[in-house]
Amino acid sequence: MPHRTIHLFRKGLRLHDNPTLLAALESSEVVYPVYILDRKFLTSVMHIGDLRWHFLLQSLEDLQKNLCQLGSCLLVIQGEYESVLRDHVQKWNITQMTLDAEIEPFYKEMEASIRRLGEELGFEVLSLVGHSLYDTKRILDLNSGTPPLTYKRFLHILSLLGDPEVPVRNLTAEDFQRCRPPDPGLAECYRVPLPVDLKISLESLSPWRGGETEGLQRLEQHLTDQGWVASFTKPRTIPNSLLPSTTGLSPYFSMGCLSVRTFFYRLSNIYAQAKHHSLPPVSLQGQLLWREFFYTVASATPNFTKMAGNPICLQINWCEDAERLHKWKTAQTGFPWIDAIMTQLRQEGWIHHLARHAVACFLTRGDLWISWEEGMKVFEELLLDADYSINAGNWMWLSASAFFHQYTRIFCPVRFGRRTDPEGQYIRKYLPILKNFPSKYIYEPWTASEEEQKQAGCIIGQDYPFPMVNHKEASDHNLQLMKQVREEQYRTAQLTRDDTDDPMEIKVKRDHSEESISKGKVARMTE
Ligand code: FAD
């Protein structure tokens, strides 16, 4: 008997490589494509900020348009998940619910409650993996039921597993014609709301536009430059270029507007035709594998987004300092490089990976000694690509709480940015108050004389703050604290330790004075 199906979009806001929706269409006489806009869930569990709200609504609008072109529609139902489902299952005589399987605890819990509802109301539940390259359970099974805790070990397990699942075919009008669409009247009742309907500020509009169509266009644009794709080497990309120097696809992957499997296989095709191509960890496929790595570890590590109760994370007595945290979050640290990055993040919702390094190191082990959880929450609110596993994994990395062990390398908030943008064009764009400073002062305007500050039209301490810390003193102090923590918690630190260097840091290491830990004495290396 063909089913009457609700296909529930959670992430996976796309029609290409959507195995679950394809399975729904193949097994049903009628399919209701539904997105439940549960504001409480989105705000208090997902913590989505204004920029991501816009991106989400644009993605839903695009999905609606694309479904419409294939003879169906998207039904956006506002309300609390369980009660919306309960009502509509009964109203529409639903016999099957299809949804993507996800690894986040809150999505797993949601799936479990949908399954319980299914038992109570008599519908079947089908969930398939579509958001990652592999079903993470297969990776865990091959690694004796536990997550591989280093990238190297992870790649080894993947070499046993073979290539990821190939993408499923694109959905067509014929797929939708085989079963009935929802009544046309329903689409009118359940339209995609406008930002004003949800009282989302119209001031915060990012230049990034949400949706599958935009995501696919960006993907195609990148893939036309096959030489760039084949030679992509992440550490050589520029954190302060005025346009993204990496693909900028993360917001689209994060909401599932783009399939990582599609991207992976398009890359494989280009690599197959190239004489030489870069390799993981620094290649583009290597970036997708970092994503996969964090997904795998997060899927099987308790309290992955917290320090307490997280078995792979160093337990550190971080400072609680709301005022300092606020200065970091609102771009008032007095270090133009850090403040420009935090401004770009707030205005646009995307910053380069190494820019993320700079501000995360500054907040945690570098300068302020504030918990990575606080930084992660700020990123969660402001990033368009905010992602449970990747965000927490990278924050643990940057704070040297897990995965990263070269903790003597601390980024200098003055020299780091200057290396790739000596004229400070990036700072001039995001902090226009500093735009008239000569280049030699742009990273440290407090060193300009009073006269020079007047000429630049910006008095430090009045129009722009003095640096909130003495970087040398703060980072020296923090380095000693970190050394002590790592000695005391040696076993935890070893859990995620790889014997290869951090690929992102290799170039940096060569460029700067090298010092190391010798005979128990910590010598610092400031990058
Ligand atoms: P590209 O370099 O073009 O890479 C292609 C894709 O690979 C990305 O879109 C992303 O899906 C994946 N990827 C790249 N780098 C990483 C990485 N280090 N770890 C895991 N996956 C990666 N990325 C997020 O998607 N969401 C987050 O919430 C997030 N939080 C971060 C927090 C911190 C403190 C740091 C240091 C990094 C964080 N990243 C996060 C990882 C990374 O910075 C972004 O994925 C990347 O900058 C996105 O830009 P892109 O799409 O141009 O990346």
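For the protein chain, the name recorded in an unreviewed UniProt entry is Cryptochrome-1, with Eudyptes sclateri as its organism. For the record of the protein chain, the UniProt heading Sequence similarities (unreviewed entry) holds the text "Belongs to the DNA photolyase class-1 family."

Enquirer: So what about empty space enclosed by the protein? Which residues, and what values?
Expert: Picture a little ball the size of a water molecule; that probe, rolled over the atoms, points out where space is still empty. Enumeration according to the criterion identifies four cavities of 30 Å³ or more in this entry. Approximately 790 Å³ is the volume found for the largest cavity. Around the largest cavity, the lining is made up of 38 residues, and of these K234, S250, H353, R356 and I390 lie nearest the centre. For the lining of the largest cavity, the secondary-structure elements that each account for two or more residues are α12 (250-254), α14 (284-299), α17 (353-366) and α19 (388-398). For the lining of the largest cavity, the element with the highest residue contribution is α14, accounting for seven residues.

Enquirer: Describe the layout of surface pockets, and please don't skip the residues or the numbers.
Expert: In this structure, the largest pocket occupies an estimated 610 Å³ of space. Taken together, 34 residues make up the lining of the largest pocket; nearest its centre are V45, M46, F106, E380 and Y388. Secondary-structure elements contributing two or more residues to the lining of the largest pocket are β2 (28-37), α2 (39-45), α3 (50-69), α5 (105-121), α18 (372-382) and α19. No other element matches α2, which puts four residues into the lining of the largest pocket. By residue class, the composition of the lining of the largest pocket is 19 nonpolar, seven polar and eight charged.

Enquirer: Account for the site of the ligand, naming residues and giving values.
Expert: Near the ligand lie 29 residues; those nearest to it are T246, T247, G248, H353 and D385. The contact in question runs from an oxygen atom of the ligand to an N or O atom on the side chain of W350, over 3.3 Å. Here a nitrogen atom of the ligand and a side-chain polar atom of N394 are 3.3 Å apart. Mapping the ligand onto the cavity grids shows that it belongs to the largest cavity. Elements that contribute at least two residues to the shell around the ligand include exactly α12, α14, α17 and α19. Considering each element in turn, the shell around the ligand owes the most residues, six residues, to α14. Tallied by class, the residues present in the shell around the ligand amount to 15 nonpolar, nine polar and five charged.

Enquirer: Run through the side chain of D498, naming residues and quoting values.
Expert: With respect to the secondary-structure elements, D498 resides in the loop between α25 (490-495) and α26 (506-511). At 3.3 Å, the side chain of D498 forms a polar contact with the backbone nitrogen of K152. Once you skip the residues sitting within four places of it in the chain, D498 turns out to touch T150, Y151, K152 and H405.

Enquirer: Describe in detail the environment of R486, supporting the description with residues and values.
Expert: Inspection of the secondary structure assignment puts R486 in helix α24 (residues 471-488). Looking at R486, the relative accessible area reads 7%, which means it is buried. As for R486 and S401, which are separated by 85 residues in sequence, their C-alpha atoms are 9.1 Å apart. Setting aside anything within four residues of it in sequence, one finds R486 in contact with L314, A400, F404, H405, Y407, A493 and R497. At a separation of 2.5 Å, a polar atom in the side chain of R486 contacts the side chain of H405.

Enquirer: Summarise the UniProt feature "site: Electron transfer via tryptophanyl radical" (unreviewed entry) in the protein chain; cite the residues concerned and give the values.
Expert: Per the UniProt entry, the sites bearing "site: Electron transfer via tryptophanyl radical" (unreviewed entry) are W318, W372 and W395 in this numbering. What stands out for the annotated residues spanning 78 residues is how close their C-alpha atoms remain, the widest pair being 13.9 Å apart. Lining the largest cavity, from this annotated set, are W395. Mapping W318 onto the fold places it in the loop between α14 and α15 (322-329). Note on W318: relative accessible area 9%, which makes it buried. Beyond its immediate chain neighbours, meaning those up to four positions away, W318 contacts M307, T364, R365, W369, I370, S371, W372, S399, S401 and M482. The residue W395 is located in helix α19 in this model. A relative accessible area of 2% means that W395 is categorised as buried.

Enquirer: Got a sec to walk through the environment of K65? Specific residues and values, please.
Expert: Tracing the chain through its elements places K65 in helix α3. The spatial distance from the C-alpha of K65 to the C-alpha of T213 is 9.9 Å, given a sequence separation of 148 residues.

Enquirer: Which residues make up the packing of α15 against α18, and what values go with them?
Expert: Running from N to C, α15 and α18 point in directions that differ by 35 degrees, and their axes come no closer than 11 Å. Pair α15 / α18 crosses with right-handed handedness. The residues of α18 that touch α15, namely those facing L325, W328 and K329, are E374, G375, V378, F379 and E381.

Enquirer: Quick one: what's the story with α24, residue by residue and with numbers?
Expert: The end-to-end C-alpha separation of α24 is 26 Å, in line with the 26 Å expected for 18 residues at 1.5 Å each. For α24, the full list of buried residues reads H471, A474, S475, N478, L479, M482, K483, V485 and R486. All buried residues of α24 fall inside an arc of 170 degrees around its axis, so they share one side. Set apart from the buried face of α24 by more than 90 degrees, the exposed residues are E473, E487 and E488. Of the residues that open α24, the one with a side-chain oxygen 3.1 Å from the backbone nitrogen of K472 is N470.

Conventions we followed
Residues numbered from 1 in each chain as written. Predicted model: local features only at pLDDT ≥ 70, side-chain atom pairs only at ≥ 80, totals over all residues. Heavy atoms only, no water. UniProt positions renumbered as here; feature names shortened; annotations may be inferred. 1 Å grid on protein atoms, 1.4 Å probe; cavity = no way out; pocket = protein on both sides within 12 Å on 5 of 7 lines; lining within 4 Å. Points joined across faces, edges and corners; volume = space filled by probe spheres on them. Helix = DSSP H or I, 4+ residues; strand = E, 2+ residues; numbered from the N terminus. Nonpolar A, V, L, I, M, F, W, Y, C, P; charged D, E, K, R; others polar. Near = heavy atom within 4 Å. Polar contact = N/O pair within 3.5 Å; in protein donor to acceptor, adjacent residues only side chain to side chain. Sits in = over half its atoms within 2 Å of the grid points. Contact = heavy atoms within 4.5 Å. Buried < 20%, exposed > 50% of the residue type's maximum accessible area, 1.4 Å probe, protein only. Axes fitted to C-alpha atoms, helices over the stretch in contact; angles between N-to-C directions. Left-handed = near helix turned anticlockwise from the far one by under 90°. Expected span 1.5 Å × (residues − 1). Arc of directions from axis to C-beta.

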